Amino acid sequence: MNELLTYIVQSLVDKPDEVSVTERKADGETVFEVRVAEGDMGKVIGRKGRIVKEIRVLMKAVAQRKGKKVSVEIVD
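Residues numbered from 1 in each chain as written. Predicted model: local features only at pLDDT ≥ 70, side-chain atom pairs only at ≥ 80, totals over all residues. Heavy atoms only, no water.

Asker: Explain the overall build of the chain to me, and be specific about the residues and the numbers.
Answerer: Assigned secondary structure in the chain consists of three helices and three strands. Along the chain, from the amino end to the carboxyl end, the secondary structure elements read α-β-β-α-α-β. Oriented by its inertia axes, the alpha-carbon framework of the chain measures out at about 35 × 20 × 20 Å. Considering only intrachain contacts with a sequence separation of at least 6, the fraction spanning at least 24 residues in the chain is 54%. In the form shown here, the chain has an accessible surface area of approximately 5200 Å², with 48% of it arising from carbon and sulfur atoms. Computing the positive centroid from 15 side-chain charges and the negative centroid from 13, the chain places the two 8 Å apart. (Helix = DSSP H or I, 4+ residues; strand = E, 2+ residues; numbered from the N terminus. Contact = heavy atoms within 4.5 Å. Areas by Shrake-Rupley, 256 points an atom, 1.4 Å probe, with all protein chains shown as cover. Lys, Arg positive; Asp, Glu negative; His and termini not counted. Charge placed at Lys NZ, Arg CZ, Asp CG, Glu CD.)

Asker: Describe in detail the sheet that holds strand E3 (residues 70-75), supporting the description with residues and values.
Answerer: Read across the sheet, three strands follow the order E1-E2-E3 without closing on themselves; strand pairing throughout is mixed. If you trace the sheet from one side to the other, it starts and ends with strand E1 (20-26) and E3, each paired once. When the angles between neighbouring strand axes are averaged without regard to direction, this sheet yields 25°. With seven bridges connecting them, E1 and strand E2 (residues 29-35) associate as antiparallel partners. Across the sheet, the residue bridging to Ala26 is Glu29, located in E2. Lying on the sheet, helix H3 (residues 50-65) is in contact with E2 and E3; it crosses E3 at an angle near 150°. (Pairing = 2+ DSSP bridges. Axes fitted to C-alpha atoms, helices over the stretch in contact; angles between N-to-C directions.)

Asker: So what's going on with the nonpolar core? Which residues, and what values?
Answerer: Counting residues in hydrophobic clusters, the biggest one holds 17 residues, and the most contacted among them are Leu5, Val9, Phe32, Val34, Val36 and Met59. Those elements giving two or more residues to this core turn out to be helix H1 (2-12), E2, helix H2 (41-45), H3 and E3. Those residues in contact with Val36 that sit more than four places away from it in its chain are Val9, Val13, Glu18, Val19, Met41 and Val44. (Core = buried A, V, L, I, M, F, W, Y, C linked by side-chain atoms within 4.5 Å. Buried < 20%, exposed > 50% of the residue type's maximum accessible area, 1.4 Å probe, protein only.)

Just geometry here; none of it tells us what the structure is for.
This is the structure we're talking about:
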């Protein structure tokens with residue numbers, strides 16, 4: 001799932017080499033922390049947060065098929 005999220009985010013940004021996705025466990029769920037270059041933050045979040053919302057929906061759908069719980073956080 002980490003690879004899928006990395007691929008999606010790298011496809012959206014201008015500087016794909018600066019994308020990093022870290023994974024941590026919290027309260028029985030997996031939290032993915034996404035870091036991107038400062039200029040690419042808006043491309044990942046999107047207007048009114050639409051893009052990041054759809055990324056979260058997609059990741060939750062994939063996790064549900066595997067019987068897991070995940071969340072995605074965009075970190076400065």
